[in-house]
Amino acid sequence: MVSVQSSVLGFPRMGSDRQLKKAVEGFWKGTISGPQLTSITNQLKIDHWLLMKNLGIDVVPVGDFSMYDHILDLALMFNIIPTRFADEFSDKLDKISQSRSGESVYDQLDVYFAMARGIKSSARKNGDSTSSRNKAGEVADGIPSLEMKKWFDTNYHSMVPEISKSTQFKLLNNNILKDIKLAKQNGIESRPTITGPITLIHYCKVEEGNGSESINKWDFYKDLISVYVEFILELESNGVEWVTLEEPVLSLDLNESVKETFKSAYRLLEKELAEARRNGDSSNRKINIILANYFGAYENNLNLVIDLPFDGFHFDLVLGVDDLDSENLIKLSGKTVSLGLIDGRNIWKANTRGLYDFYLSNVSARFRNYGVKDIQISSSCPLLYVPFSTSPEKEHLDEEVYNKLSFAVEKVQEISLLKKAINDYETIGKTDAGLFDNGVAVLNRNHRKGISTDDPSEAIGNSGIKASPYRESEFKVRNEVQRKLLNLPLLPTTTIGSFPQTEQVRIQRQKFRKSQITSQEYDEFIKSKTKECIKWQHDIGLDVLVHGEFERTDMVEFFGNYLTGFTTTKNGWVQSYGSRCVKPPIIYGDVKRKSPMTVEIAKFAQDYANELAGNGNGKPVKGMLTGPVTIIQWSFVRNDIPIGRTAMQIALAIREEVCDLEANGIAVIQVDEPAIREGLPLRKKDQIEYKKWSVTSFKVATAGVKDSTQIHTHMCYSDFNEILEMIIDMDADVLTIENSKSNLKLIKESHESSANAYNAEIGPGVYDVHSPLIPSVSEMRNRIVELLKVYKNQNLWINPDCGLKTRNEAEVDASLKNMVAIARELRQSI
Ligand code: GLN
Ligand code: ZN
């Protein structure tokens, strides 16, 4: 009989009360010392291990924890340190590599956090790292941090290690072994888990400006394999019996050369391990390696890995259930399989009864026939993507919603319960039915994949509004009407929406929340800020104004407050990157607009702009909304209906708002979709459905207006070409798009290939809002002159590349003045 165990691939790092965030930020500020930070994080790890163990998990993971990011951990561990840091920290790094035993652990912290956050020039040499960096890792001066990159299709961001000719791969630390020992001291038998070499290289880039541009990062796999071998052998010689290598790249469409590298790398790993064992002390039991893929099915990649020397395989049976039908499974004889049945990506209770039945009817006999040795019941992926526990929400949320939720702790319980039920069945032939009494009746495993988009007309029919996804006329016709009506100059200037959320704004919001000021007082404050903002833009001379978004904390939560079926948790934090966490709203029911959301403030701002103009005919103020795709992307969504249907419900709510804005005299309306690119599924074949529902929902949201109303959209993504087709289909009148890492070539090519050109108006950001530097007139001039070589004068807008809420007022004032000045200058000459 096959024995069934329970395991978890990884646990959230932050702690029940974001202890990790507080400790790490305290360390950066200097209020917490290195030893204190280490002891706090050790305690967190121990707490989490014990929690899992006490809830009945047999295989407790170590190595999933990180003080900042697991990819950054590997960069340091394997000495993948960019030259700029290797130079800066040469002494410390020498010390670290000489003493692997422990004295240099605090030196490691300095190097580690410097790579994470960069070093300000003023702080150099004393090792202080700084937070004055942007998402892309730039610091105004000093040493820039590593870049960040979205971790697959999650909302987590990992760091991007840099490989160069001078990278010397070696095992600089083995913090994972330390954790195994720490677990053992606390009575816990653990299993190490580590991101595998191919996924690691996938997330690396070639270091710039170091004469290394011509190298190919994949060529370094051999060096990397040698350090993995060293690492694995250290575990083995310490009696560790199993190690998990996580290779979620296997859920991607890999090109042939990466596939080849994958194969060669693992063959090499096998060979080097065998050689080392032959040459060394072979008294230790050979360590077993389990390969873990998640975030989807292996699909064809199973052909690639099934014959490689792994002792076990993990399957994501939430997003990758198709793998169960693979003919390759026959090769699992004698192996261990880990079945990811509990969803690590969403927050709904599992239908444990359904999973149990599914296991017994579909899984168990099959694997037994294949001759599988051991089975583990596990999470589909690490639980890093869900909040810690639902318990703080009990008093906070509606009972109906609360009863449906399962965060990390509860998911661990679900795994345990399933395992117990299965083992009961296998040993005594029955299971206590009461075990499954959690009130969840529907088995929904495929909520993000295979999303059959319902015909939009269905959702439209349900809501009773006539909602065509098509505008009255095509762009050319609308454009002419809008030009006459708006009467904007050439190269019109605008901003993306938010203005600085200053200390003052935050204080007033806090006071309002704590009921220290009345809602009327708060409203008045927001209106006075809005007025100030309109006057400011008017004086600077911008052409299309914004109200400034002072009333919003966040571009999704704000709208959630006005929609049915939305709620927010009290403590549902999820790590976004480093110490940063987000608290995604939860969409639990049918979405409808409860009341107008932005009409009052938009109209107020427009009225004031009209008043300033004297003649009642002020500059247009853009209405500002978040689009359905972004709302979905940054929330936890239902899994009992297709995601496309939720998108359509949100689209209809936004459409009502768009139409109300129009009816209230707002002639320009922006529907932001910054997250539209990041929602793109990992596999090409899944992208088709996504493109359909995302584009349709945007169109349904925006198509209800007359030709004369100008629809803008905004995206924070510079690789224009990848989603070009979608952008064209969205049929907005104006697109403002991030362009700070300017890839003009792509834009140019796409614009020139007349077959599928983007022909509407466009505002590629002329400066990077993430940098505190004030963009100079000449810098922006160069950029615009380049853009003018591609775009017709009439089509180009001049704007920053994203919202201004994180900048201070002085920076914004100076930058926008320069921006308007250059637009005015260039208007004369074209
Ligand atoms: N309108 C939003 C703002 O200006 C857009 C933010 C975004 O693109 N992420 O803040
Ligand atoms: Zn943006």
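The shown structure was predicted, so the numbers you read here are calculated from the model rather than taken from an experiment. (Residues numbered from 1 in each chain as written. Chains lettered and ligands numbered in written order. Predicted model: local features only at pLDDT ≥ 70, side-chain atom pairs only at ≥ 80, totals over all residues. Heavy atoms only, no water.)

**Q** Now, about the overall build of the chain: what can you tell me, with residues and values included?
**A** In terms of helices and strands, the chain carries 27 helices and 22 strands. Against the globule reference of 28 Å for 830 residues, the chain gives a C-alpha radius of gyration of 28 Å, in line with a compact fold. Viewed in the frame of its principal axes, the chain has a C-alpha envelope of about 90 × 65 × 60 Å. Sorting the 830 residues of the chain into buried and exposed places 61% on the buried side. In the chain, once contacts between residues fewer than 6 apart in sequence are set aside, the share between residues at least 24 apart is 78%. Split by element, the accessible area of the chain, about 32200 Å² in all, is 47% carbon and sulfur. Computed over 101 positive and 112 negative side-chain charges, the separation of the two mean positions in the chain equals 1 Å. (Helix = DSSP H or I, 4+ residues; strand = E, 2+ residues; numbered from the N terminus. Rg over C-alpha atoms; globule rule 2.2 N^0.38 Å. Buried < 20%, exposed > 50% of the residue type's maximum accessible area, 1.4 Å probe, protein only. Contact = heavy atoms within 4.5 Å. Areas by Shrake-Rupley, 256 points an atom, 1.4 Å probe, with all protein chains shown as cover. Lys, Arg positive; Asp, Glu negative; His and termini not counted. Charge placed at Lys NZ, Arg CZ, Asp CG, Glu CD.)

**Q** Mind laying out the coordination of the zinc ion (ligand 2), listing which residues take part and the relevant values?
**A** For the zinc ion (ligand 2), every protein donor is listed as His-714 (NE2), Cys-716 (SG) and Cys-802 (SG), and the spread of their distances is 2.0 to 2.2 Å. Around the zinc ion (ligand 2) sit 4 donor atoms, and with donor-metal-donor angles ranging over 89 to 125 degrees the site reads as tetrahedral. Coordination of the zinc ion (ligand 2) draws on donor residues from a single chain, spaced H-x1-C-x85-C in sequence. Of this pair, His-714 sits in strand β20 (residues 710–715) while Cys-802 sits in the loop between α26 (777–790) and α27 (809–829), and the two are 88 residues apart along the sequence. By relative accessible area, which is 2% here, His-714 ends up buried. Looking at Cys-802, the relative accessible area reads 16%, which means it is buried. (Donors = N, O, S within 2.8 Å, 3.2 Å for Na, K, Ca; no water. Tetrahedral: all angles 85-135°; square planar, octahedral: opposite > 155°, others 65-115°.)

**Q** Describe in detail the sheet that holds strand β18 (residues 621–626), supporting the description with residues and values.
**A** If you trace the 6 strands from one edge of the open sheet to the other, you get β13-β18-β19-β20-β21-β22, paired in parallel fashion. Each edge of the sheet is formed by a strand with only one pairing partner; in this case those strands are β13 (545–546) and β22 (761–764). Taken together, the 4 bridges between strand β21 (residues 734–737) and β22 define a ladder with parallel strand orientation. What sits directly across from Ile-737, in β22, is Pro-764. Packed on one face of the sheet, helix α22 (residues 643–663) meets β18, β19 (668–672) and β20 and runs near 170 degrees to β18. (Pairing = 2+ DSSP bridges. Axes fitted to C-alpha atoms, helices over the stretch in contact; angles between N-to-C directions.)

**Q** How would you explain the sheet that holds strand β8 (residues 242–246) if you had to name every residue and give the values?
**A** The strand order across the open sheet built from 8 strands is β1-β12-β11-β10-β9-β8-β6-β2, with neighbouring strands paired in parallel fashion. The outermost strands of the open sheet, each flanked by one partner alone, are β1 (3–6) and β2 (60–62). Geometrically, the sheet is characterised by an average inter-axis angle of 25 degrees between neighbouring strands, direction not taken into account. Lying on the sheet, helix α7 (residues 175–185) is in contact with β2 and β6 (190–195); it crosses β6 at an angle near 160 degrees.

**Q** Could you give an account of the site of ligand 1, with specific residues and numbers?
**A** Taken together, Ile-496, Gly-497, Ser-498, Glu-549, Met-555, Met-624, Asp-672, Pro-674, His-714, Cys-716, Cys-802 and Gly-803 are the residues near ligand 1. Contact distances for ligand 1 include 3.0 Å between an oxygen atom and a side-chain N or O atom of His-714. Contact with the protein chains hides 92% of the accessible area of ligand 1, taken as 300 Å² for the molecule alone. Looking at the shell around ligand 1 residue by residue, the class counts come to 6 nonpolar, 4 polar and 2 charged. (Near = heavy atom within 4 Å. Polar contact = N/O pair within 3.5 Å; in protein donor to acceptor, adjacent residues only side chain to side chain. Nonpolar A, V, L, I, M, F, W, Y, C, P; charged D, E, K, R; others polar.)

**Q** Give me the packing of aromatic side chains: which residues, what numbers.
**A** All told, the structure shown has 26 aromatic pairs when counted by the stated rule. Aromatic side chains Phe-78 and Tyr-228 sit 4.7 Å apart centroid to centroid with 45 degrees between the ring planes, which places their arrangement in the tilted category. A residue pair is termed long-range when its members are at least 10 positions apart, and Phe-78 in the loop between α3 (70–77) and α4 (83–88) and Tyr-228 in helix α9 (residues 221–237) qualify at 150 residues. Its relative accessible area of 0% is what places Phe-78 among the buried residues. The structure contains a cluster of three or more aromatic residues connected by ring pairs, namely Trp-151, Phe-152, Tyr-203, Tyr-294, Phe-295 and Tyr-385. Between Lys-149 and the ring centre of Tyr-203, over which it is positioned, the NZ or CZ distance is 5.2 Å. The lysine or arginine in question, Lys-529, covers the ring of Phe-550, its NZ or CZ lying 5.6 Å from the ring centre. (Phe/Tyr/Trp six-rings, centres within 6.5 Å; stacked < 30°, edge-to-face > 60°. Lys NZ or Arg CZ within 6 Å of the ring centre and 35° of its normal.)

**Q** Help me get a handle on the nonpolar core, residues and values and all.
**A** Counting residues in each nonpolar core, the largest one holds 155 residues, and the members touching the most others are Phe-78, Val-305 and Phe-367. Looking at which element gives the most residues to this core, the answer is α9, with 9 residues. Both domain 1 (5–120 + 146–207 + 214–346 + 353–386) and domain 2 (463–829) contribute no fewer than three residues apiece to this core. In this structure, Phe-475, Ile-540, Ile-784 and Met-819 belong to the second largest nonpolar core, which totals 94 residues. (Core = buried A, V, L, I, M, F, W, Y, C linked by side-chain atoms within 4.5 Å. Domains from an automatic or database assignment.)

**Q** Lay out helix α1 (residues 19–29) with the relevant residues and their values.
**A** The α-helix winds at 3.6 residues per turn, so residues separated by three or four positions along the chain end up facing the same way. For α1, the complete set of buried residues consists of Leu-20, Lys-21, Ala-23, Val-24, Gly-26 and Phe-27. Along its buried surface, α1 packs onto α2 (34–54), α6 (105–117) and β16 (580–582). Once α1 finishes, Gly-30 follows within two positions and takes phi at roughly 95 degrees, a positive value.

**Q** Account for the pattern of salt bridges, naming residues and giving values.
**A** For the coordinates displayed, the defined rule picks out 47 salt bridges. Residue Glu-299 is joined to Lys-685 by a salt bridge in which the shortest nitrogen-to-oxygen separation is 2.9 Å. Of the two residues, Glu-299 is situated in the loop between β9 (288–292) and α11 (301–305) and Lys-685 in helix α23 (residues 684–702); the sequence distance between them amounts to 386 residues. Taking relative accessible area as the criterion, Glu-299 reaches 24% and is therefore assigned partly exposed. Its salt-bridge partner being Arg-478, residue Asp-731 comes within 3.1 Å of it at the nearest N-O pair. In this pair, Asp-731 is assigned in the loop between α24 (724–730) and β21 and Arg-478 in helix α16 (residues 475–486), connecting sequence segments 253 residues apart. Through salt bridges with shared partners, a single network forms among Asp-253, Glu-299, Arg-683, Lys-685 and Asp-686. (Salt bridge = Lys/Arg side-chain N within 4 Å of Asp/Glu carboxyl O.)

**Q** Explain the domain arrangement of the chain to me, using residue names and the numbers behind them.
**A** Domains assigned within the chain are domain 1 (5–120 + 146–207 + 214–346 + 353–386) and domain 2 (463–829). Between domain 1 and domain 2, the C-alpha centre-to-centre distance is 38 Å. Contacts between the two partners involve 32 residues from domain 1, matched on the other side by 21 residues from domain 2. For the pair domain 1 and domain 2, the summed buried area comes to about 2300 Å², and 48% of that belongs to carbon and sulfur atoms. The tally of links from domain 1 across to domain 2 stands at 4 salt bridges. (Buried area = accessible area lost by both parts, 1.4 Å probe.)

**Q** Account for the pairing of β1, with residues named and values stated.
**A** In β1, alternate side chains face the same way, and those of Val-4 and Ser-6 are buried while those of Ser-3 and Gln-5 on the opposite face are not. Where β1 and strand β12 (residues 374–379) come together, 4 bridges link them in parallel fashion. Among the inter-strand pairings, Ser-6 is bridged to a residue of β12, identified as Ile-377.

**Q** Please provide a residue-by-residue account of the pairing of strand β15 (residues 574–577), values included.
**A** Bridging between β15 and β16 involves 3 bridges; their strand directions are antiparallel. Paired with Val-574 across the two strands is Val-582, which belongs to β16. Here β15 hands over to β16 after 2 residues, with Gly-578 in that stretch at a positive phi of 50 degrees.

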